[in-house]
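Notes for the structure review
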Amino acid sequence: MRYAAVDIGSNSTRMLAAEVLPGEAPRTLAAEREVTRLGLGVFRDGRISADAMESVVTVLTRMASMYRRLDVAGVRVVATSAVRDASNQAEFLARAADALGSSVEIISGREEARLIHQGVMWQWPQPGKRVLVVDIGGGSAEIISSADGRMLDAVSRPLGAVRLQEMFLKSDPPAAREIHQMNEFIDQKLGNLAERMGGEWERVIATSATAAAVVCAINRVPRARRDQADRMRGSTAEIRKLFRRLADLDLAGRRKVPGIGPRRAEIAVAGTGALLRILDRVQARGVYYSSAGVRDGIIADMAARNVGAEHARLSREQRKEVERVASRFGIPLDDARQVAGFSRALFERLEPMHQLPPVFGRLLEAACYLCNTGHYISDAAHHKHSYYVVANADFSGFTNREQQFIAALCRYHRKALPAPAHPEYQSLAPDDKRALTLLIPLIRLADSLERSRGRDIELARCERQDGSVRITLRAPHEPDLAEWSAERVSGAFRQVYGCDIAVAYEQS
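Throughout what follows, the structure given in this document is the object of discussion. Worth saying up front: this structure is predicted, and the values here are computed from it rather than measured. (Residues numbered from 1 in each chain as written. Predicted model: local features only at pLDDT ≥ 70, side-chain atom pairs only at ≥ 80, totals over all residues. Heavy atoms only, no water.)

The next point concerns the nonpolar core. By size, the foremost hydrophobic cluster in this structure holds 68 residues, and its most contacted members are Leu370, Ile406, Leu409, Leu436, Leu439, Val469 and Ile471. Residue contributions to this core peak at ten residues, all from helix H21 (residues 430–450). Discounting residues that sit within four places of it in the chain, Leu409 has contacts with Leu363, Leu364, Ala367, Leu436, Leu439, Ile440 and Ile443. If you look at the next biggest cluster of nonpolar residues, it comprises 50 residues, including Ala212, Val215, Ile260 and Leu276. (Core = buried A, V, L, I, M, F, W, Y, C linked by side-chain atoms within 4.5 Å. Buried < 20%, exposed > 50% of the residue type's maximum accessible area, 1.4 Å probe, protein only. Helix = DSSP H or I, 4+ residues; strand = E, 2+ residues; numbered from the N terminus. Contact = heavy atoms within 4.5 Å.)

What follows is the structure, encoded as structure tokens:
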């Protein structure tokens, strides 16, 4: 599945589009971050300024055009602290939704913390460890306790770098009195954090651009190579030293510090100060930086909930239509539904191998209902008759291109694989030819498994082992034709995917 996530924060607007394959690290397709300072006016006078709103809308329009080209199965757009607090949030949400073509969701501090935690644990799992995750955003700070990858508790406090900068640090460099007032405010908002969260953390992980800048500055990583700072560490003593140095410098001086970008320098004292006070409060000796954040958590969350899987399945109207056509040509619907069920499971479980967009799962399912309609004309070469029936049937719910693809799948559900001399193959678009070839072994396997004639058979597992694919069926009694089913399609599977296939059985 391909997903897109947009995080409209108080300091910056971020977008991530990624492809998620089961058992593999997500593959980034597009990523962008733009400093938009949405919270600047909010933390000053309670409203998103006209300039900030215009800037964010422009950025969102560009981001949406990027992920739309990637055929994503799901999009989630969230707004955090600044929009939560803005008196003109309704106007902003309307303009942002218009730019994106989708709604914008204002999330609570706790939901923001959950997504941060999910993103961090997705990118950098911490099995068996007690971990504290700290995110210093533009408007708020999220502090999350975790054990063995599970979130135990989370708090959100108004301690973001932009907010603190606007509230306290008016001088450049900041006056000692301003620093003292800011620290007192931070301590007040943290309250009994240490008691609530517990202690003895095996690892403290910080996310967000503040943490990136701090760890880059300590480890002398240039801002242009910030990605290299992922999982690097900075001790609390080093962060204290950096904070004192930044607080003594004016803006021009802070901009010269390696790892601190020109825009980050404007709020670096506030952000570093908040991070340092939190580390002191929980008595942490240091912190690791993680590049994960809300965007990654959104992608992980959509993947965990299998968002977009519905695109790989026939809609109610489409299923009703293909069942109508199948019945017209004498197909027993119970048998067809069994084949279609197997095909759905195979398409989903073998996605890391075929890597096709979800829409092809829907077309595969339709072909499973219709692949034997040719028997209505003749049992001899019925697959060719099935092609004719489906290609010329009068049924709705599919484009002409999709109908021709379904017909081609019916044509090749048995016997020969596609050849250049076949006109029904040559009539397809290049992308459809590739998808057809990848789906032929799946429709053949689904059809073969159904020949076991067991209504209570289910596909338990589909795994790659030692260069082959092993399918495990679960049933009360061993299917008589399970082994034969594998042999019947193994040649096509090997030719298309370059590996063997085997079918095993376990009792339910």
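Alright, that's what it looks like, and here's the rest.
The grouping of Tyr376, Ile377 and Tyr388 at the surface amounts to a nonpolar patch, some 370 Å² of accessible area in total. Tracing the backbone through its elements, the reader meets Ile377 in the loop between helix H17 (359–370) and helix H18 (382–392). (Patch = residues over 30% accessible without salt bridge, like charges linked within 9 Å, V, L, I, M, F, W, Y side chains within 5 Å. Areas by Shrake-Rupley, 256 points an atom, 1.4 Å probe, with all protein chains shown as cover. Salt bridge = Lys/Arg side-chain N within 4 Å of Asp/Glu carboxyl O.)

What you tend to see is this: most non-glycine residues have negative phi, and most peptide bonds are trans. The step from Asp172 to Pro173 runs through a cis peptide bond, and the omega angle for that step is 0°. Examined against the element boundaries, Pro173 turns out to sit in the loop between helix H6 (161–168) and helix H7 (176–190). One non-glycine residue with positive phi stands out, namely Asp148, at about 55°. Mapped onto the secondary structure, Asp148 falls in the loop between strand E7 (141–147) and strand E8 (150–157). Of note, Arg220 is a non-glycine position whose phi angle comes to about 55°, a positive value. Take Arg220: it is sitting in the loop between helix H9 (208–218) and strand E10 (233–235). The exposure class assigned to Arg220 is exposed, which follows from its relative accessible area of 69%.

Our focus in this paragraph is helix H15 (residues 333–349). With 17 residues, H15 ought to run about 24 Å at 1.5 Å a step, and its terminal C-alpha atoms sit 24 Å apart, in line with that. All of the buried residues in H15 are Leu333, Asp335, Ala336, Gln338, Val339, Ala340, Phe342, Ser343, Ala345, Leu346 and Phe347. (Expected span 1.5 Å × (residues − 1).)

Here we take up the sheet that holds E8. In space, the six strands of this open sheet follow the order E8-E7-E6-E9-E11-E10, with mixed pairing throughout. The open sheet has two edge strands, E8 and E10, and neither has a second partner. For this sheet, the mean inter-axis angle between neighbouring strands, taken without regard to orientation, is 25°. Pairing of strand E6 (residues 130–136) with E7, which is carried by seven bridges, proceeds in the antiparallel orientation. Each residue of the ladder has a partner; that of Val134, found in E7, is Ile143. Contacts from helix H10 (residues 236–248) reach E10 and strand E11 (286–289) within the one sheet, and its direction differs from that of E10 by about 75°. (Pairing = 2+ DSSP bridges. Axes fitted to C-alpha atoms, helices over the stretch in contact; angles between N-to-C directions.)

Once that is clear, we can look at the packing of aromatic side chains. Throughout the structure, instances matching the rule amount to six aromatic pairs. With a centroid separation of 4.9 Å and an interplanar angle of 35°, the aromatic rings of Phe493 and Tyr497 are classed as tilted. In this pair, Phe493 and Tyr497 both sit in helix H22 (residues 482–497), four residues apart, roughly one turn of the helix. The burial state of Phe493 is the same as that of Tyr497; both residues are buried. If you follow Arg130 out to its NZ or CZ, it ends over the ring of Trp201, 4.5 Å from the centre. The cationic tip of Lys433 hangs over the ring face of Tyr425; the distance from NZ or CZ to the ring centre is 5.3 Å. (Phe/Tyr/Trp six-rings, centres within 6.5 Å; stacked < 30°, edge-to-face > 60°. Lys NZ or Arg CZ within 6 Å of the ring centre and 35° of its normal.)

Let us look at the sheet that holds strand E14 (residues 500–507). In space, the three strands of this open sheet follow the order E12-E13-E14, with mixed pairing throughout. With partners counted over all chains shown, the strands left at the sheet margins are strand E12 (458–465) and E14, one partner each. Between one strand axis and the next, the sheet turns through 20° on average, direction left out of account. Summarising the sheet, E12 and strand E13 (residues 468–475) pair through seven bridges and their orientation is antiparallel. Counted as the bridge partner of Cys462 is Ile471 from E13. Running over the sheet, H15 touches E12 and E13 and is turned about 25° from E12.

Let us now look at the pattern of salt bridges. Tallied over the full model, the rule gives 37 salt bridges. The partner of Asp187 in a salt bridge is Arg281, and the shortest N-O contact between them spans 3.6 Å. Within this pair, whereas Asp187 is found in helix H7, its partner Arg281 is found in helix H12 (residues 268–281), the two being separated by 94 residues in sequence. Overall, Asp187 belongs to the partly exposed group, its relative accessible area being 24%. Note on Arg281: relative accessible area 24%, which makes it partly exposed. Between Glu365 and Arg344 there is a salt bridge whose closest N-O contact spans 2.7 Å. With a gap of 21 residues between them, Glu365 in helix H17 and Arg344 in helix H15 connect regions that are remote in the sequence. Salt bridges sharing partners connect three or more residues here, namely Arg76, Glu105, Glu111, Arg114, Asp301 and Arg305.

The next point concerns the environment of Ala5. Looking at where Ala5 falls in the secondary structure, it is placed in strand E1 (residues 2–8). On the basis of relative accessibility, which here comes to 0%, the residue Ala5 falls in the buried class. Spatially, the C-alpha atom of Ala5 lies 41 Å from that of Ala419, the residues being 414 residues apart in sequence.

Read these as spatial facts, not as claims about activity.
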